[in-house]
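Coordinate inspection notes
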Amino acid sequence: MALPHATTKPPDVREPAAARTPPGPSGRSRRGTGVRAPWWFVVPAISIYLFIVVVPSANGALYSFTDWNGLRPDWSFVGLDNFAAVFSDRAARAALLNTVVLAAVAMVVQNVVGLLLALGVNSLVKSRYVLRVIFFAPVVLTPLVAGYVWSFLLSPNGAINDVLRTVGLGGLARDWLGDPDTALYAIVLEIVWQFAGYSMVIYLAGLQAIPGEVLEAATIDGAGAWSKFRHVVLPLLNGAVVINVMLCLIGGLKQFDQVMAMTGGGPGTATETISTAIYKSAFSLGDFPFSIALAVVMTVVIAVLAAVQFRLTQRKVS
């Protein structure tokens, strides 16, 4: 016997909105309160940042237009005289050029080496985990300590020259840090040795985020190792490239520790950077207005180059 059709609808068992999200004490929902709460948590951090970084930086930018000597409370505005002195000083111009060259060369070499290391330790080699630790180990060293170690290795009687003499290449041995033609690139070598592992970790994270199905599809389509890397892997690493290039560029432009430990800016001004020139002008010569103006120039250079580099690499990513 056929059952009659039901003529009544089942009751609606869904809870009313008021029962699911009861209003708070002031009549606002919990969701609204949760959106506003995080802004209050960042107020202490922002206040500390403003007090420690922004306010001193603004005062420094102000003093770059004065004749303040760092001690007396009275000073007067001199306009752009300090900046004119910076660009007319031969040593300051050499420091600016050395800084740009050091940052550019270190950025390129460090990224290439870091990417090669990441590709190597991303393979199925049994010792890949040990190799990752070994390659990353120099990063945890203090840059000043690493600089002193490499200054010993690159000295005329250091380990590198001893190795060259042992293998019959004694003609290549030289005072690497005392020769104006090689001193700056010797510092680049130390920087790459210490921080290539840092770039490796970022590239390794990017490589491990690439779906295996994409690589398998490229292999099925007949792509070789180089074609797969150029047309599949490298485009998917654009995010890691942007981060690495940005960090390397900024780190190279504000380079100080390794230079002071290895050469002190010498011989002559062959390895002088903007950071070391600021230090010497302020604390060795007592020319505070000049050093502050040089610091402002360095800030502008870093901001401009970082912005240009970010726009160029970000355009590739998009």
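The structure we're discussing is the one just above.
This section reports on the structure supplied with the text.

Here is what the cut-offs are and how they apply
- Residues numbered from 1 in each chain as written.
- Predicted model: local features only at pLDDT ≥ 70, side-chain atom pairs only at ≥ 80, totals over all residues.
- Heavy atoms only, no water.
- Helix = DSSP H or I, 4+ residues; strand = E, 2+ residues; numbered from the N terminus.
- Contact = heavy atoms within 4.5 Å.
- Salt bridge = Lys/Arg side-chain N within 4 Å of Asp/Glu carboxyl O.
- Buried < 20%, exposed > 50% of the residue type's maximum accessible area, 1.4 Å probe, protein only.
- Axes fitted to C-alpha atoms, helices over the stretch in contact; angles between N-to-C directions.
- Parallel < 35°, antiparallel > 145°, perpendicular 65-115°, else oblique.
- Left-handed = near helix turned anticlockwise from the far one by under 90°.
- Nonpolar A, V, L, I, M, F, W, Y, C, P; charged D, E, K, R; others polar.

1. Looking at unusual backbone geometry
Cis geometry marks the peptide bond from Gly266 to Pro267, where omega comes out at -5 degrees. Inspection of the secondary structure assignment puts Pro267 in the loop between α13 (257-262) and α14 (274-284).

2. Here we look at the side chain of Ser64
Position of Ser64 among the secondary structure elements: in the loop between α3 (43-63) and α4 (81-88). The residues contacting Ser64, other than those within four sequence positions of it, are Gly79, Asn82, Phe83, Ile292, Ala293 and Val296.

3. Here's the deal with the pattern of salt bridges
Pairs can form between side chains of opposite charge whenever their charged atoms are close. Per the counting criterion, the structure on display carries 3 salt bridges. In this structure, Asp179 and Arg174 form a salt bridge, with 3.3 Å as the shortest nitrogen-oxygen distance. The closest approach of N and O atoms between Lys280 and Glu272, which form a salt bridge, is 3.1 Å. Relative accessible area serves as the criterion here: at 24%, Lys280 is assigned to the partly exposed category.

4. Comments concerning the packing of helix α5 (residues 90-121) against helix α9 (residues 183-208)
One can describe the packing of α5 onto α9 by two numbers: an axis separation of 6 Å at closest approach and a directional angle of 45 degrees. When the axis of α5 is compared with that of α9, the two are oblique. The handedness of the crossing between α5 and α9 is right-handed. Residue composition of the contact of α5 with α9, grouped by class: 23 nonpolar, 5 polar and no charged.

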